[in-house]
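Next come the chains, spelled out residue by residue.
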Amino acid sequence: MANPAFWNGKRVLVTGHTGFKGSWLSLWLLSMGAKVTGLALDPPTDPSLFALAGLARRMDSRIGDIRDPAAVDAAVRAAAPEILIHMAAQPLVRLSYDEPVETVATNVMGTVHVLEAARRCAGLRACVVVTTDKCYENREWPWPYRETEPMGGYDPYSASKGCAELVTSAWRRSFFAKPGAAGIASARAGNVIGGGDWALDRLVPDCMRALMDGRTIPVRNPHAIRPWQHVLEPLGGYLRLAEKLWDDPADHADAWNFGPSDGDARPVSWIASHVVERWGDGAAWELIGGDHPHEATYLRVDSSKARMQLGWEPRLGLADCLDWTVEWFRRYHAGENIERVTLDQIERYEQMDGKIP
């Protein structure tokens, strides 16, 4: 688990802080006493967790595009971060078919701009570049992918993230290998779910929108299997990794998988059925036909290295991940204070004993 004493007073720059994962991470860092600066575009959805949680008033929020190297450099110079967590990205597979050039420019050259600014940041001690499990060349294997598997990508999004991994590795070896240089690592997580995600063409946000509107949930690919995990699981891994980079960059400046337990790779139909059951009120899901862009059928990562070398473990089983997500949206739908709702779940997660219930 992340160490609050470590983060208290640390200067942290989070790119992508207005997004779903970035907002959860920013709230968590602030709750531990970190001095957080963010660089991102305006929130990608309306509503957004960033706006509902009032993050603009709680942190130094800078609106800018990581495709603009001057904007990135200005944010890094202003924040003078000790730790940099790069999460800004175009994160959607289906959108990458409509906007392939923008996806590559953001995910590849945006990462280059961040790493170049990091090179010029004298006080930087640790940098975590967040990519995705889709960076791997997916051969639809029944076994999980290890960090040493080759990069690839069928669609523009997956290919761009594989490229971001190659860029991170090249910059690490070329510019951050000398003694005293910041530790640069990359982090690969699976399909993340949780309260506050309103992205289009994602299963759980699609479920929540339909349920809150009283509609039947549309499901397009019921047999696809994904490694589902609650948003706090990989975020806890990123924080733990940054702590290790601070103390021992030589042994931790590398690529890392943060995936759920093997039993939590479930088909879309299982997810939809569980969400419907937990929501109640006559909720239902249905299969929608039509042609859809290619999406991987099966993909799972091996997190053994993170377990053995970072002491990181998933804390929530899949049923609990979905329960927490449904609870969050239920409380949002009831008009509760979203900052408090989100912090409640962060505090509950921090208090867990590390064993999946």
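Our subject in this report is the structure included herewith.

Cut-offs and rules
- Residues numbered from 1 in each chain as written.
- Predicted model: local features only at pLDDT ≥ 70, side-chain atom pairs only at ≥ 80, totals over all residues.
- Heavy atoms only, no water.
- Phe/Tyr/Trp six-rings, centres within 6.5 Å; stacked < 30°, edge-to-face > 60°.
- Buried < 20%, exposed > 50% of the residue type's maximum accessible area, 1.4 Å probe, protein only.
- Core = buried A, V, L, I, M, F, W, Y, C linked by side-chain atoms within 4.5 Å.
- Helix = DSSP H or I, 4+ residues; strand = E, 2+ residues; numbered from the N terminus.
- Contact = heavy atoms within 4.5 Å.
- Pairing = 2+ DSSP bridges.
- Axes fitted to C-alpha atoms, helices over the stretch in contact; angles between N-to-C directions.

**Focus: the packing of aromatic side chains**
Taken as a whole and assessed by the stated rule, the structure comprises 14 aromatic pairs. Arranged with centres 5.1 Å apart and planes meeting at 70 degrees, the rings of W328 and F329 form a pair that is edge-to-face. Classification of W328 by relative accessible area gives buried; the value is 0%. Centre to centre, the rings of W328 and Y332 are 6.0 Å apart; their planes meet at 20 degrees, and the pair counts as stacked.

**Focus: the nonpolar core**
The biggest cluster of nonpolar side chains holds 77 residues, and the ones touching the most others in it are W7, L29 and M208. Top element by residues in this core is helix α9 (residues 232-247). It accounts for eight residues. When near neighbours in sequence (up to four residues on either side) are disregarded, L29 contacts W7, V12, V14, A34, V36 and L239. L13, I66, V76 and A182 belong to the second largest nonpolar core, which has 24 residues in total.

**Observations concerning the sheet that holds strand β9 (residues 225-230)**
Pairing is mixed in the open sheet, where three strands are placed in the order β7-β9-β11. Each having just a single partner strand, β7 (191-193) and β11 (265-267) make up the two edges of the open sheet. Each adjacent strand pair in this sheet contributes to an overall mean axis angle of 50 degrees, direction not counted. In this sheet, β9 lies alongside β7 in parallel orientation, the contact comprising three bridges. Note on β9: the bridge partner recorded for N191 is W228. Seen against the sheet, α9 touches β7 and β9 and runs at an angle of roughly 70 degrees to β9.

Remember, this is a structural readout, not a statement about activity or role.
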